[in-house]
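Close look at the chain arrangement
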Amino acid sequence: MLYDVLISPFTEFEFMRRALAGIIALALGGAPIGVFLMLRRMSLVGDAMAHAILPGAAIGFLISGLNLFAMTFGGLIAGFAVAILSGIVARTTELKEDASLATFYLVSLALGVTIVSMRGTNIDLLHVLFGNILALDDQTLLVIAFNATITLLVMAVIYRPLVIECVDPVFLRTVSRSGAPTHLVFLALVVVNLVNGFHALGTLLAVGLMILPAGIARFWSRDISGMIAIAVASAMVSGYAGLVLSFQTKVPSGPAIILVAALLYVFSVLFGNVSGLVRQLFPGRHLEA
């Protein structure tokens, strides 16, 4: 019985195996990015950037239909453009960066939906907004895996200044000039992983496997490397359980994955050993002299 529910869908159907492979790649690339977004208090920036890639992907769709490389390239250009423009506006005017990003992402979302609606059908619009991880083909899977690999390699290079900037950005500025380049590279990785998530979960849910696992990890570890490991593991578990739930019920795969991650988040809020509510209500006994 358990085999039929938990294992059989992945042994019998190739599209389920592709979806699971895609989830693993998204977890490996996106979850560490989500941890640093959370530590840098940029979680909502990730959400805004997820919407910002929509016009580029929509223009790629307008030119080539549901073409993988056109939509990927368009999404990357749009994401980088919004990140650069919002930064310029924030630094040359009195408008803060969060307000600038909010403005650009709302405009981007409206523009992207308009472009897709002009060319495509409601089914195309739903595909762009919510994705369809069960429809991943080999090319898309290779692109997701390639982007995840690049993310891990670049993260390994910038890990030290990235951690220091999260803990003490003033100290980093006094001892090194790597702060600004590291920030720009990190934003580039955010865009790359949002485009990755876009192919599987659509623009509205792409940020889910980045932010929710990071939030889960925050309640179980104080160490950054521990948080990254927990975030990756929880993203994989959420993806696997969401795919099983979607296969056994009528719940769409993307929302099912995010809902499972949300349940893990609620469990972590209640029972996490770092600031979990139950832990705060019933603290363990301390050693007494």
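Relevant structure appears above.
Please read all numbers here as calculations on a predicted model, not as lab measurements.

A few words on the overall build of the protein. When helices and strands are counted, the protein shows 15 helices and zero strands. By the compact-globule yardstick of 19 Å for 289 residues, the protein fits well, its C-alpha radius of gyration being 20 Å. When the backbone C-alpha atoms are referred to their principal axes, the protein occupies close to 70 × 60 × 30 Å. A burial count over the protein gives 47% of its 289 residues as buried. At a minimum sequence separation of 6, the contacts of the protein that also span at least 24 residues come to 74%. As displayed, the protein offers around 14,700 Å² of accessible surface, 69% of which is attributable to carbon and sulfur atoms.

The subject of this paragraph is the packing of helix α11 (residues 179–205) against helix α12 (residues 208–218). In contact at an axis separation of 9 Å, α11 and α12 are set at 100° when each is read in the N-to-C sense. With respect to α12, the element α11 is oriented roughly perpendicular. Residues Val 190, Asn 193, Leu 194, Leu 201 and Leu 205 of α11 form the contact with α12, whose participating residues are Gly 208, Leu 209 and Met 210. Per-class residue counts for the contact of α11 with α12 are six nonpolar, two polar and no charged.

What counts, and at which threshold
Residues numbered from 1 in each chain as written. Predicted model: local features only at pLDDT ≥ 70, side-chain atom pairs only at ≥ 80, totals over all residues. Heavy atoms only, no water. Helix = DSSP H or I, 4+ residues; strand = E, 2+ residues; numbered from the N terminus. Rg over C-alpha atoms; globule rule 2.2 N^0.38 Å. Buried < 20%, exposed > 50% of the residue type's maximum accessible area, 1.4 Å probe, protein only. Contact = heavy atoms within 4.5 Å. Areas by Shrake-Rupley, 256 points an atom, 1.4 Å probe, with all protein chains shown as cover. Axes fitted to C-alpha atoms, helices over the stretch in contact; angles between N-to-C directions. Parallel < 35°, antiparallel > 145°, perpendicular 65-115°, else oblique. Nonpolar A, V, L, I, M, F, W, Y, C, P; charged D, E, K, R; others polar.

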